[in-house]
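Chain and residue survey
The residues making up each chain are set out below.
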Amino acid sequence: MDKLTLNIYDETGKIIKTVEAQPVHLKLGFIRKIMELLNIEGCTNSFELLGKVYGAWEELQKLLATIFPGVTDEEWDNVDLSELVPLIMNVVKFTIATMNGIPNDPKNLMGA
């Protein structure tokens, strides 16, 4: 995964903490859940994605915690929304790229 960072802000808008995503091996469950939660097919703008993020925030926060371990609930509440939506889009893009990298040519499958 390319380096993804998450900025945590205080009440005045000053960055108080920057967290770098931890490298993870995305498991099938993660990929399945993020695709189900966001169902981004046909999503054409950030406003639509924001609605999906809001509707699935609890589950999405748990998934993001696997990438950004140690970020508290309070810290998640202090992430700038204008940074969160693109961050989630990058995670989704990485998830799709990971899925596209799965061999589907029968010659590349074991035992074929």
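The preceding data block contains the structure.
Residues numbered from 1 in each chain as written. Predicted model: local features only at pLDDT ≥ 70, side-chain atom pairs only at ≥ 80, totals over all residues. Heavy atoms only, no water.

**Looking at the nonpolar core**
Counting 24 residues, the largest nonpolar core has Leu-6, Leu-64, Phe-68, Trp-76 and Leu-84 as the members making the most contacts within it. Elements with a contribution of two residues or more to this core: strand 1 (5-9), helix 1 (28-38), helix 2 (46-55), helix 3 (57-67) and helix 5 (81-100). Broken down by element, this core gets its largest block of residues, six residues, from helix 5. When neighbours within four sequence positions are excluded, Phe-68 is seen to be in contact with Leu-4, Thr-5, Leu-6, Val-19, Glu-20, Ala-21, Trp-76 and Leu-87. (Core = buried A, V, L, I, M, F, W, Y, C linked by side-chain atoms within 4.5 Å. Buried < 20%, exposed > 50% of the residue type's maximum accessible area, 1.4 Å probe, protein only. Helix = DSSP H or I, 4+ residues; strand = E, 2+ residues; numbered from the N terminus. Contact = heavy atoms within 4.5 Å.)

**Section: helix 3**
Structurally, the α-helix is built with 3.6 residues per turn, so residues lying three or four positions apart point the same way. Burial in helix 3 covers these residues: Trp-57, Leu-60, Gln-61, Leu-63, Leu-64 and Ile-67. Here the buried residues of helix 3 occupy an arc of 165 degrees about the axis, which is enough to place them on one side. The exposed residues of helix 3 that point more than 90 degrees off its buried face are Glu-58 and Lys-62. (Arc of directions from axis to C-beta.)

**Some details on the environment of Val-92**
Within the secondary structure layout, Val-92 lies in helix 5. In this structure Val-92 comes out as buried when scored by relative accessible area, which is 2%. Val-92 sits 57 residues away from Met-35 along the chain, and the two C-alpha atoms are 7.7 Å apart.

**Notes on the side chain of Glu-75**
Tracing the chain through its elements places Glu-75 in helix 4 (residues 73-77). Accessibility expressed as a relative area gives 16% for Glu-75, which makes it buried. If near-sequence neighbours (up to four positions away) are discounted, Glu-75 is found in contact with Ile-8, Lys-17 and Gly-70.

**Section: the pairing of strand 2 (residues 15-20)**
The pairing of strand 1 with strand 2 spans five bridges and is antiparallel. When the bridges of strand 2 are listed, Leu-6 appears paired with Val-19. Between the end of strand 1 and the start of strand 2, which pair antiparallel, lie five residues, with Gly-13 showing a positive phi angle near 95 degrees. (Pairing = 2+ DSSP bridges.)

**Some remarks on the packing of aromatic side chains**
Here a ring pair, both rings aromatic, is described through the centre-centre distance and the interplanar angle of the planes. Counted by the stated rule, this structure contains two aromatic pairs. Aromatic side chains Trp-57 and Trp-76 sit 5.9 Å apart centroid to centroid with 75 degrees between the ring planes, which places their arrangement in the edge-to-face category. Here Trp-76 lies in helix 4 and Trp-57 lies in helix 3, a separation of 19 residues in the sequence. Trp-76 sits in the buried class, given a relative accessible area of 4%. Considering the side-chain rings of Phe-68 and Trp-76, the 6.3 Å spacing of their centres and the 80 degrees angle between planes classify their relative orientation as edge-to-face. There is no split in this pair, since Phe-68 and Trp-76 are both buried. A network of ring pairs unites the aromatic residues Trp-57, Phe-68 and Trp-76 as a single cluster. (Phe/Tyr/Trp six-rings, centres within 6.5 Å; stacked < 30°, edge-to-face > 60°.)

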